[in-house]
Amino acid sequence: MNKKEVAHIRKQFKMDHDLLNIYDILNVYIMKETNEVYHWERNPFELVEREKQELHMGNFKKLLTGELDQKLFELKFQEEAEEPAQVLLHQALVTGDPEEWQDLMLLLVDKMLVDAKYERDTVITFVRGQYYLPTKARNEEAEESGKDEVFAHPFILCSVNSTEKQKKTLLFDYVEREYKYNVNVDPIIKLSSPEQGFFYPSVTDNYSDVNRILYCTGKSNFPDPHFIEQVLTAERSVTALEERAIFEDIVKEVAGEELDASTIAQVYEEIQYVIETNEEEEEPPKLDYKDLERVLTVSGVEDVTPEKVERAFETIIDDRNYELKASSVMPKYTTKSIKIDTKVATISVSPQDLKYVKQVNFQGKRCIMIEVDEDVVIEGFTLSTETL
């Protein structure tokens, strides 16, 4: 599943969209004290009040928002799971009976409650529906409509949202002309910030892929291993943060612990070039040990050989054929995504501007030197320029 396919699905979740049909919604309320289902209800989505529909649509869109391998993870199902969630989900996907779908989703909720403790009351929301992929231009004589069933994709979406207590407030009563202390005990469901969930099935080359599922987490680079492995019975995926750490360790193994900023900047520039030249490809570009050897050599790292990089892959990740996702191994290229932390200051620069940063030794002291094109202004004062 690539970012274009995710973006297309996310765009469907808006009111009155003619390429999306949501049939049923199931809400399940979990009490934190007992870790049990307190209440559940299923309704046809079209009979839900419009204001509630809008809130749910915003929640679903938020759930599907984020970068792949950071907040969104396409996962394979475990091949030998004892109670495979894939079977349950596929059965729920193909059934036309709302009650059977409801019962299957409640079985999934039971799996969520095993060996899990919720810190707050939690609402688990399921919807089932169908979205349509855009069709190619048709001949005017073609009998099929632009929304033919051939292009329809049934889906199940799940969102897990915590609740919070309402704040105590002071109200003014216009009728009685008096101030009143208001305490509302009804919890607020935090639909604007889903904690996790999933979208099933995933998509591969614009076709539904029932062997994969899109897992969504509310906290970047922190997927819930219990939810993935025990509830979804899927294989855990490497996060972008973990992959970046692997990349850094491999580079250190090959080039040593110390690199100057210009070399690091050149490495990022080479990887960014790989990303940009493969933007139209369906699969995100990846770097094997041969690709990384080329990147390091072009960037000016000395004594780099394919054999040396291959050994580094073996040492760090125990797999010489491992491929690093290019988009995961580097910070965002055009934003100030690199933080340089020192005792006296934290400096933010973009990877493309890292070449203007140097660490120098001045009068026996280590200093950071930054090349700038304009006067530096601090709190309205322009710094004077010293000649060293």
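Numbers given to residues run from 1 along each chain, matching the order in which its sequence is written. The predicted nature of this model means local features are confined to residues of pLDDT at least 70 and side-chain atom pairs, given and counted, to a pLDDT of 80 or more, with totals for whole chains, interfaces and linings taken over all residues. Side-chain descriptors were evaluated using all non-hydrogen atoms of the structure, hydrogens and water having been removed beforehand.

As recorded by an unreviewed UniProt entry, the chain carries the name DUF4317 domain-containing protein and is attributed to Paenibacillus polygoni.

Undergrad: Could you clarify how one ought to interpret the overall build of the chain in this entry?
TA: Per the convention used, a helix needs a DSSP run of H or I reaching at least four residues, while a strand needs a run of E reaching at least two, with both numbered from the N terminus. On a plain count of helices and strands, the chain comes out with nine helices and 20 strands. C-alpha extents for the chain along the principal axes are approximately 75 × 65 × 55 Å. Note on contacts: a residue pair qualifies if any of its non-hydrogen atoms lie within 4.5 Å across the two residues. Put simply, 65% of the contacts in the chain that link residues at least 6 apart link residues at least 24 apart. In these tables, accessible area is a Shrake-Rupley quantity obtained with a 1.4 Å probe, and a residue counts as shielded only by the protein chains included in the view. As displayed, the chain has an accessible area near 23,900 Å², and 47% of this comes from carbon and sulfur atoms. Under the counting rule used here, the positive set is Lys and Arg, the negative set is Asp and Glu, and His together with the chain ends is not counted. Charged side chains are reduced to one point each, which is NZ for Lys, CZ for Arg, CG for Asp and CD for Glu. Side-chain charges of the chain comprise 46 positive and 78 negative groups, with the mean position of each set lying 6 Å from the other.

Undergrad: Quick question: what am I supposed to make of the side chain of Gln 272 here?
TA: Summarising the element assignment, Gln 272 is placed in helix α7 (residues 261-277). Overall, Gln 272 belongs to the buried group, its relative accessible area being 14%. Setting aside chain neighbours within four positions, we find Gln 272 in contact with Met 330 and Tyr 333. To sort residues, take the accessible area from a 1.4 Å probe on protein chains only and compare it with the maximum for the residue type: under 20% means buried, over 50% means exposed, and anything in between is partly exposed.

Undergrad: Just to check I follow, could you spell out a negative patch on the surface for this structure?
TA: Excluding any residue in a salt bridge, patches collect residues exceeding 30% relative accessible area, merging like charges within 9 Å and nonpolar Val, Leu, Ile, Met, Phe, Trp and Tyr side chains within 5 Å. Each salt bridge in this description consists of a side-chain nitrogen of Lys or Arg and a carboxyl oxygen of Asp or Glu lying within 4 Å of one another. A cluster of acidic residues, Glu 248, Asp 249, Glu 253, Glu 257 and Glu 258, forms a negative patch at the surface. Relative to the helices and strands, Glu 258 resides in the loop between α6 (240-255) and α7.

Undergrad: Is there a simple way to think about a nonpolar patch on the surface in this case?
TA: Together, Leu 170, Phe 172, Tyr 174, Val 175, Tyr 179, Tyr 181, Val 183 and Val 185 give the surface a local cluster of nonpolar side chains, amounting to about 1,000 Å² of exposed area. For Tyr 179, the position within the fold is in strand β7 (residues 178-182). Judged by relative accessible area, which is 63%, Tyr 179 ranks as exposed.

Undergrad: Even after reading the chapter, I still don't get α7, so can you show me in this structure?
TA: Each full turn of the α-helix corresponds to 3.6 residues, which orients residues three or four apart in the same direction. Taking 1.5 Å of rise per residue, 17 residues should cover 24 Å, and α7 covers 24 Å from first to last C-alpha, within 8% of that figure. All of the buried residues along α7 are Ala 261, Thr 263, Ala 265, Val 267, Tyr 268, Glu 270, Ile 271, Gln 272, Val 274 and Ile 275. The elements touched by buried residues of α7 are α6, β13 (286-287), α8 (289-298), β15 (338-341) and β17 (357-362). Here the expected span of a helix is defined as 1.5 Å times the quantity of residues minus one.

Undergrad: Just to check I follow, could you spell out helix α3 (residues 85-94) for this structure?
TA: Taken together, the buried positions of α3 are Ala 85, Leu 88, Leu 89, Ala 92 and Leu 93. One face of α3 carries all of its buried residues, which in axial projection span an arc of 135°. The exposed residues of α3 that point more than 90 degrees off its buried face are Val 87 and Val 94. On the buried face of α3, the contacting elements are α4 (98-113), β5 (152-164), β9 (196-200), β12 (212-217) and α5 (225-231). Arc definition: directions from the helix axis to the C-beta atoms.

Undergrad: Any chance you could explain the environment of Ile 368 here in plain terms?
TA: Tracing the sequence through the fold places Ile 368 in strand β18 (residues 365-370). The class for Ile 368 is partly exposed, based on a relative accessible area of 34%. Separated by 28 residues in sequence, Ile 368 and Ile 340 have C-alpha atoms that sit 9.7 Å apart. Aside from chain neighbours lying at most four places away, what touches Ile 368 is Ile 340, Thr 342, Ile 347, Val 357 and Lys 358.

Undergrad: I keep staring at the environment of His 226 and nothing clicks. Help me out?
TA: Residue position: His 226 is located in helix α5. Classification of His 226 by relative accessible area gives partly exposed; the value is 21%. A C-alpha to C-alpha distance of 8.7 Å links His 226 and Met 112, two positions 114 residues apart in sequence. Excluding residues within four positions of it along the chain, His 226 makes contact with Lys 111, Met 112, Val 114, Asp 115, Ala 116 and Val 231. In protein, a polar contact requires one atom able to donate a hydrogen and another able to accept it; more generally it is a pair of N or O atoms within 3.5 Å, and residues adjacent in sequence count only if both atoms are side-chain atoms. Of note is the side chain of His 226, whose polar atom sits 2.9 Å from the backbone oxygen of Val 114.

Undergrad: Even after reading the chapter, I still don't get the packing of aromatic side chains, so can you show me in this structure?
TA: Given two aromatic rings, one states the distance between the centres and the angle between the planes to describe the pair. In summary, the pairing rule links any two rings of Phe, Tyr or Trp, Trp by its six-membered ring, whose centres are within 6.5 Å, and it sorts them by plane angle into stacked for under 30 degrees, edge-to-face for over 60 and tilted for everything else. One pass over the full model with this rule turns up eleven aromatic pairs. When the ring of Phe 155 is compared with that of Phe 199, the centres are 5.3 Å apart and the planes differ by 15°; the resulting orientation is stacked. Linking Phe 155 in strand β5 with Phe 199 in strand β9, this pair joins segments that are 44 residues apart in sequence. Given a relative accessible area of 1%, Phe 155 falls into the buried group. Classification of Phe 199 as buried rests on a relative accessible area of 0%. Aromatic pair Phe 172 and Tyr 174: ring centres 5.5 Å apart, planes at 80°, arrangement edge-to-face.

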